[in-house]
Amino acid sequence: MTIHRTAAAALLGLWLTACNDLSTPQATGTTLRPAAATWTETFDTLDSARWIRSSWPGFWQAPGLTGGFDPALASVKGGHLLLTLNVQACATGLCARAAEIQSAQTFGFGRYTYRFRAASTSANPSRSGKVQSGNISGAFSFVNESATEIDLEIEGNRPRTLNAAVWNTVNNKSYSVLPTGVTFGQSFQTLTYEWRPDRVTYFLNGTKVWETTQNVPQQAAHIMLNVWPTDSAAWGGTATTGTVHMLVDEISFEAF
């Protein structure tokens, strides 16, 4: 979520606090187990004990682009998590309905692997759609106003570029902009970060693409996935009206 305005970070912190103290495991038999475990999520269902759908005002609020996260736009279809973004003209300019989920539990040092297809006009995992400007597809770890944040982000206007970032509070960030040989909105790709106490290492389809030993966070964090709107040539691209979909095939975690 590399749009770090102070007000946006504060709003997210308040929202997380309001959601039943999500920093602790939920008291149900199906909650993700403590981090000394290995597990895989294949999204055959969207278990509400494991995953929380966001319903808060979007952090992208600006003149001409408003809206928020709509829990109805996060669903499971055919063994995939489907996150939908809809942008339409409205009285104030453009109004967006976006999608986001987060894990009910927090997780610490380990290997996080995400297999997903970034936003495109296709909701069908077997059929490619059109990649459009004006959105960010994200898979990341996050807690407490970026006390920990480890990002994988794909811009709609630069669909062959991987944005990798590590935050240890909003004032301490390391990042890399990585050109790749794939178009993230056209096919499923496997992206991994390995989070250790002294470094974070990124992989694309099993190949190491970046590592940092700077600003490595130390607090356990929620796993989050989202697609949200932009209207900036510098980040995500100018807005496009209509609907796009991010599809997630699988997530796995292995504790270190």
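Rules behind the numbers
Each chain carries its own residue numbering, running from 1 in the direction its sequence is written. Totals for whole chains, interfaces and linings use every residue, but because this is a predicted model, local features are given only for residues with pLDDT of at least 70 and side-chain atom pairs only at 80 or more, for both listing and counting. For the side-chain quantities, the full set of heavy atoms in the structure was used; hydrogens and water were omitted. UniProt positions are given in the numbering used here, feature names are shortened, and annotations may be inferred rather than shown by experiment. The way it works is that DSSP assigns letters per residue, a run of H or I at least four long becomes a helix, a run of E at least two long becomes a strand, and they are numbered from the N terminus. Counting of polar contacts relies on pairs of N or O atoms within 3.5 Å, with two restrictions inside protein: one atom must be capable of donating a hydrogen and the other of accepting it, and residues adjacent in sequence are counted only when both atoms are side-chain atoms. Put simply, two rings from Phe, Tyr or Trp (the six-membered ring, in Trp's case) pair if the centres are within 6.5 Å, and we call them stacked under 30 degrees between planes, edge-to-face over 60, tilted for the rest. We count a charge as sitting over a ring when the NZ of a lysine or the CZ of an arginine lies within 6 Å of the ring centre and within 35 degrees of the ring normal. Disulfide: a pair of cysteine sulfur atoms within 2.5 Å of each other. Any two residues having at least one pair of non-hydrogen atoms within 4.5 Å are treated as being in contact. Nonpolar cores were defined as sets of buried Ala, Val, Leu, Ile, Met, Phe, Trp, Tyr and Cys residues, with membership established by side-chain atoms within 4.5 Å. Relative accessibility under 20% of the residue-type maximum defines a buried residue, over 50% an exposed one, and the middle range a partly exposed one, all with a 1.4 Å probe and only protein chains included. Here the rule is simple: two strands pair whenever DSSP picks up at least two bridges between them.

S.K.: Where do I start with the UniProt feature "active site" (unreviewed entry) in the protein chain in this structure?
M.R.: Look at the UniProt record and you will see "active site" (unreviewed entry) annotated at E149 and E153. Counting through the fold element by element, E149 comes out in strand β9 (residues 148–155). Engagement of the side chain of E149 in a polar contact is seen with the side chain of S146, the distance being 2.6 Å. With respect to the secondary-structure elements, E153 resides in strand β9.

S.K.: Please explain the environment of K77 as it appears in this structure.
M.R.: Mapped onto the elements of the fold, K77 is located in strand β4 (residues 74–77). With 34 residues separating them along the chain, K77 and F43 place their C-alpha atoms 8.3 Å apart.

S.K.: Please clarify how the packing of aromatic side chains should be interpreted in this entry.
M.R.: Within a pair of aromatic rings, the relevant descriptors are the distance that separates the centres and the angle that separates the planes. In this structure the tally under the stated criterion is 17 aromatic pairs. Between F109 and W195, the ring centres sit 5.2 Å apart and the planes meet at 75°, which makes this aromatic pair edge-to-face. With F109 in the loop between β6 (93–107) and β7 (110–120) and W195 in strand β12 (residues 189–196), the pair connects residues that are 86 residues apart, well separated along the chain. Grouping aromatic residues by their ring pairs yields a cluster made of W39, F107, F109, Y112, Y114, Y193, W195, Y202, W210 and F253. If you follow K173 out to its NZ or CZ, it ends over the ring of Y175, 4.7 Å from the centre.

S.K.: Please explain the state of the cysteines as it appears in this structure.
M.R.: A covalent bond bridging the sulfur atoms of two cysteines is what the word disulfide describes. Under the definition given, this model contains one disulfide. In this model C90 forms its disulfide with C95; the gap between the sulfur atoms is 2.0 Å. On the S-S bond that ties C90 to C95, the torsion sits near 80°, and the link is right-handed.

S.K.: Please explain the environment of N215 as it appears in this structure.
M.R.: Mapping N215 onto the fold places it in the loop between β14 (207–212) and β15 (221–229). Sequence-wise, N215 and N168 are 47 residues apart; in three dimensions their C-alpha atoms are separated by 5.3 Å. Not counting the four nearest positions on each side in its chain, N215 is found in contact with V166, W167, N168, N172, K173 and S174. In this structure the side chain of N215 is engaged in a polar contact, spanning 3.2 Å, whose partner is the backbone oxygen of K173. Within the local environment of N215, its side chain forms a polar contact with the side chain of S174, the two groups lying 2.9 Å apart.

S.K.: Just checking my understanding: could you explain the nonpolar core for this structure?
M.R.: As a rule of thumb, nonpolar side chains are buried together in soluble globular proteins. Core analysis: the biggest nonpolar cluster contains 55 residues, and Y114 and L225 have the highest contact counts within it. Tallying contributions element by element places β6 first for this core, with six residues. In this structure Y114 touches A139, F140, S141, L152, Q189, T190, L191, Y193, I223, L225, E250 and I251, once residues within four positions along its chain are discounted.

S.K.: In this structure, what is going on with the environment of N205? I would like to understand it.
M.R.: By the element assignment, N205 lies in the loop between β13 (199–204) and β14. Since its relative accessible area comes to 40%, N205 is described here as partly exposed. Residues within four places of N205 in sequence aside, it is in contact with Q189 and T190.

S.K.: What should I look at first to understand the pairing of strand β16 (residues 242–255) in this one?
M.R.: Successive side chains on a regular strand alternate, one facing one side of the sheet and the next facing the other. As judged from the four bridges shared by strand β1 (residues 38–41) and β16, these two strands associate in the antiparallel manner. Among the inter-strand pairings, T40 is bridged to a residue of β16, identified as S252. The sheet contact formed by strand β5 (residues 80–90) and β16 spans seven bridges and is antiparallel. Within β16, the position partnered with N86 by the bridge is T243. Sheet topology places β7 next to β16; nine bridges connect them, and they run antiparallel. Across the sheet, the residue bridging to R115 is E250, located in β16.

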